[in-house]
Amino acid sequence: MTSAPDVALSPAGTVGTCPYDHAGRDDALGPLGPLDLFGEDFVRDPYPRLDRLRADAPVHHDPATGLWLVSRYEDIRRVLLDPAAFRPDNAQHAITPLGVPALRILARAGFRLGPALANNATESHPGLRRVVTRFFNARRVAASVPVIERVAGELLGTVRAELDATGRSDLFPAFAHLLPCRVMMELLGVEGLDAGTLVRWSDASLELFWGRPSPERQRELAVLVAEFHTWLTALVGDRTAPADSFVGALNRHRLPDGTPVDPRTVVSACFFVFVAGQSTTGQLISTVLHRALAEPGLWPRTGHEEGLAGAWVDEVLRREPPVTSWRRVTAHPVELGGVALPAGAELLLMLMGSGSDPEVFDDPGRMLPDRANGRLHLAFGVGRHRCPGASLARTEAAVALRAAARHLPALRLAPKADRAPVLGLLSFRAPLRVPVVEPVPADGPDAPDDTGAPADGLAPPG
């Protein structure tokens, strides 16, 4: 469960033109030039734009989206620590307006997520958060390490078999994508559902509400999201869940006025946890593995040097977090970064850029796992909406890296791995493939040639 404030979603958009359609727009970033937050150039290398924003326009109104882009560390931290002035009400709104066909599919499933965690500025938030956080406290995270190690070993066994058979594999679908889902299901007692199904539902939710899908793609995604919501509703409605289970504890929770929490709020909380608890953590693991393999000499060390894996995870969270941005809305007129903002101003907090702020981090472009202040990053947020699963996410990523490096110490990235597709949703970014090869003896029957291709001439993924 990673990054910044709680990750939950809601189809708040209506039929209309996508606000992120930059076709023909040369003024999308005013004097700084056009910026497409979904564009290939920005997704693959956002740092030049983020650096320029931070230096020249740290609180900048983007006319193409209507959002105020906030890019300096201290400004972002101030916003997150002041939920009264900068409310989370818009945190769950759909990025791309949903068409009528997609909305009908969701409506038939009764899909509606009310305030629970990410967008909850009411007095019910602290109590709901306490229930959720109880299942990810330090004791439970420490107890989860053997579970993470066992599941990691099982998944890496599949990777090992594929490497032995073909000389290549992909750590994203075979390892990073599945590990947090399987771990979460065991820790929360989720049974009777295939992990792959939950992964597909979660990924569809992120794409539908945080991406720029076409109307046809919206319909495809809405079907999966509707299935997810239907399953969650049945799960929450099953009152036989043990009182000390995650769902049981939420169902038993009472609001500040003493009334029982309503099932819709419990579904909303579960939606958040089941998405953030595995999709974004899988994205973190994917980035951690890819960056460790790309760093000369680092990979074999992370398997054995005490503390190195955890320190590397924090550097990735600082520089390249899976949750790259988050939203807030001003409750009243306020000044931020020297800019006067009106009431109702929609902010996009550039979390990814905050980790490269030279006012906070020396030489921010370098990956330095021994960085003294590395854990000051804002990747998990700060304040009342800090990710409740931050410790578990960080632990899972560190255990995953350490286990992979120990099991597969000779692994290396496949040729052209830097061209692998990258997830480019508004607030989520990660490699969607981590293609790897493993050197074999030069006289082996399946030895790769000097391009990394096996002897049968099949090119490795890349």
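Numbers given for residues are sequential positions, taken from 1 along each chain in its written order. In view of the model being predicted, local features appear only for residues whose pLDDT reaches at least 70, and side-chain atom pairs are presented and counted only at 80 or more, with totals across whole chains, interfaces and linings using the full set of residues. Values shown for side chains rest on all heavy atoms present in the structure; no hydrogens or waters enter the calculation.

Section: the pattern of salt bridges
Basic side-chain nitrogens of Lys or Arg form a salt bridge, by our definition, when they fall within 4 Å of a carboxyl oxygen of Asp or Glu. Tallied over the full model, the rule gives 21 salt bridges. Salt-bridge contacts for Glu 207 lead to Arg 217; the nearest nitrogen and oxygen are separated by 2.9 Å. Of the two residues, Glu 207 is situated in helix H9 (residues 195–210) and Arg 217 in helix H10 (residues 215–237); the sequence distance between them amounts to ten residues. A residue is classified by how much of its surface remains accessible, and Arg 217, at 32% relative accessible area, is partly exposed. As a salt-bridge pair, Arg 375 and Asp 314 come within 3.3 Å of each other at their nearest N and O atoms. On the criterion of sequence distance, the pair formed by Arg 375 in the loop between helix H15 (351–354) and helix H16 (390–407) and Asp 314 in helix H14 (residues 308–319) is long-range, its members being 61 residues apart. Note on exposure labels: buried denotes an accessible area under 20% of the residue type's maximum, exposed denotes more than 50%, and partly exposed covers the range between, all computed with a 1.4 Å probe on protein chains only. The exposure class of Arg 375 is exposed, given its relative accessible area of 58%. Judged by its relative accessible area of 5%, Asp 314 falls in the buried class. Residues participating in the shared-partner salt-bridge network are Arg 150, Glu 154, Arg 182 and Glu 186. Runs of E in the DSSP output that reach at least two residues are strands. Runs of H or I that reach at least four are helices, and both are numbered from the N terminus.

Remarks on the sheet that holds strand E4 (residues 168–170)
Think of it this way: DSSP has to see at least two bridges between two strands before they count as a pair. Reading across the sheet, the three strands line up as E4-E12-E9 and stay open at both edges, with antiparallel pairing between neighbours. Sheet topology places E4 and strand E9 (412–413) at the edges, where each strand pairs with a single neighbour. Where E4 and strand E12 (residues 435–437) come together, three bridges link them in antiparallel fashion. Pairing of Ser 169 across the sheet is with Val 436, part of E12. Only heavy atoms enter the contact rule, under which two residues are in contact if any of them lie within 4.5 Å. A fitted line through C-alpha atoms represents every axis, and for helices the fit uses only the stretch in contact; the resulting angles, taken between N-to-C directions, go from 0 to 180 degrees. In the packing of helix H6 (residues 138–166) onto the sheet, contacts are made with E4 and E12, and the angle to E4 comes to roughly 145 degrees.

Some details on the nonpolar core
Judged by nonpolar contacts, the single largest core of 144 residues is most densely connected at Leu 179, Leu 198, Phe 274 and Leu 347. Ranked by residues supplied to this core, first place goes to helix H12 (residues 263–294) with 16 residues. If near-sequence neighbours (up to four positions away) are discounted, Leu 347 is found in contact with Trp 68, Val 70, Val 79, Phe 86, Trp 326, Arg 327, Arg 328, Leu 336 and Leu 341. For this analysis, a nonpolar core means a set of buried residues of the types Ala, Val, Leu, Ile, Met, Phe, Trp, Tyr and Cys, connected via side-chain atoms within 4.5 Å.

A closer look at the packing of aromatic side chains
Classification of ring pairs uses Phe, Tyr and Trp, with its six-membered ring standing for Trp, and accepts pairs whose centres are within 6.5 Å; under 30 degrees between planes counts as stacked, over 60 as edge-to-face, and the remaining range as tilted. Under the criterion given, the structure shown has eleven aromatic pairs. Relative to Phe 274, the ring of Trp 231 has its centre 5.9 Å away and its plane inclined at 40 degrees; by these criteria the two rings are tilted. Of the two residues, Trp 231 sits in helix H10 while Phe 274 sits in helix H12, which places them 43 residues apart along the sequence. One aromatic cluster in this structure is built from Phe 111, Phe 135, Trp 201, Phe 209, Phe 228, Trp 231, Phe 246, Phe 271 and Phe 274. Here, a charge over a ring means that NZ of Lys or CZ of Arg falls within 6 Å of the ring centre while also lying within 35 degrees of the ring normal. When the ring centre of Tyr 47 is taken as reference, the NZ or CZ atom of Arg 319 above it lies at 3.6 Å.

Details of the environment of Asn 251
Relative to the elements of secondary structure, Asn 251 occurs in helix H11 (residues 246–252). Each C-alpha atom of the pair Asn 251 and Asp 262 lies 8.0 Å from the other, and the pair is eleven residues apart in sequence. Apart from the residues lying within four places of it in its own chain, the contact partners of Asn 251 are Val 236, Arg 239, Val 261 and Val 266. At a separation of 3.1 Å, a polar atom in the side chain of Asn 251 contacts the main-chain carbonyl oxygen of Val 236. Polar contacts here mean pairs of N or O atoms no more than 3.5 Å apart (in protein, one a potential hydrogen donor and the other a potential acceptor; neighbouring residues in sequence count only if both atoms are side-chain atoms).

Details of the side chain of Ser 286
Inspection of the secondary structure puts Ser 286 in helix H12. The class for Ser 286 is buried, based on a relative accessible area of 0%. Every residue in contact with Ser 286, bar those within four places of it in the chain, is listed here: Phe 172, Ala 176, Pro 431 and Val 434.

A closer look at the pairing of strand E8 (residues 346–349)
Look at any regular strand and the pattern is simple: side chains alternate between the two faces of the sheet. Relative to E8, strand E2 (residues 67–70) runs parallel, the two being bridged by three bridges. Looking at E8, one finds that Leu 69 is bridged to Leu 348. Here strand E5 (residues 326–330) runs beside E8; their pairing, made up of four bridges, is antiparallel. The residue bridging Val 329 from the neighbouring strand is Glu 346, located in E8.

A look at H12
Taking 1.5 Å as the rise per residue, H12 with 32 residues should run 46 Å; its terminal C-alpha atoms sit 46 Å apart, in good agreement. For H12, the principal kink sits at Ala 276 and spans about 30 degrees. Burial of H12 is extensive: 28 of the 32 residues sit out of reach of the surface. To estimate how far a helix should extend, the number of its residues minus one is multiplied by 1.5 Å. In this scheme, the bend at a residue equals the angle between the axes fitted to the seven residues that finish there and the seven that begin there.

Describing the environment of Leu 351
Summarising the element assignment, Leu 351 is placed in helix H15. Since its relative accessible area comes to 3%, Leu 351 is described here as buried. C-alpha of Leu 351 to C-alpha of Ala 379: the two residues are 28 residues apart in sequence and 6.4 Å apart in space.

Some points on unusual backbone geometry
With a phi close to 45 degrees, Asp 363 is a non-glycine residue in the positive phi region. In this fold, Asp 363 is placed in the loop between H15 and H16. Of note in this structure, Lys 416 is not a glycine but carries a positive phi near 65 degrees. In this structure, Lys 416 sits in the loop between E9 and strand E10 (422–424).

What about the confidence of the model for the protein chain?
Note: pLDDT gives the predictor's confidence per residue, expressed from 0 to 100. With 88% of its residues at a pLDDT of 70 or more, the protein chain has an overall mean of 87. Low confidence marks residues 444–462, where pLDDT is under 50. Its contacts with residues over four positions away, or in another chain, come to 43 contacts.

Remarks on helix H3 (residues 73–80)
Where H3 is concerned, the buried positions are Tyr 73, Asp 75, Ile 76, Val 79 and Leu 80. Within H3, the buried residues cover an arc of 170 degrees as seen down the axis, which keeps them to one side. Picture the helix axis, draw a direction to every C-beta atom, and the arc is the one those directions span.

A word on the sheet that holds strand E3 (residues 86–87)
Overall, mixed pairing links the five strands, which are arranged E1-E2-E8-E5-E3 in an open sheet. Each having just a single partner strand, strand E1 (59–62) and E3 make up the two edges of the open sheet. Looking at chain direction, E1 and E2 are connected through four bridges and run antiparallel. If you follow His 60 over to E2, its bridge partner there is Leu 69.

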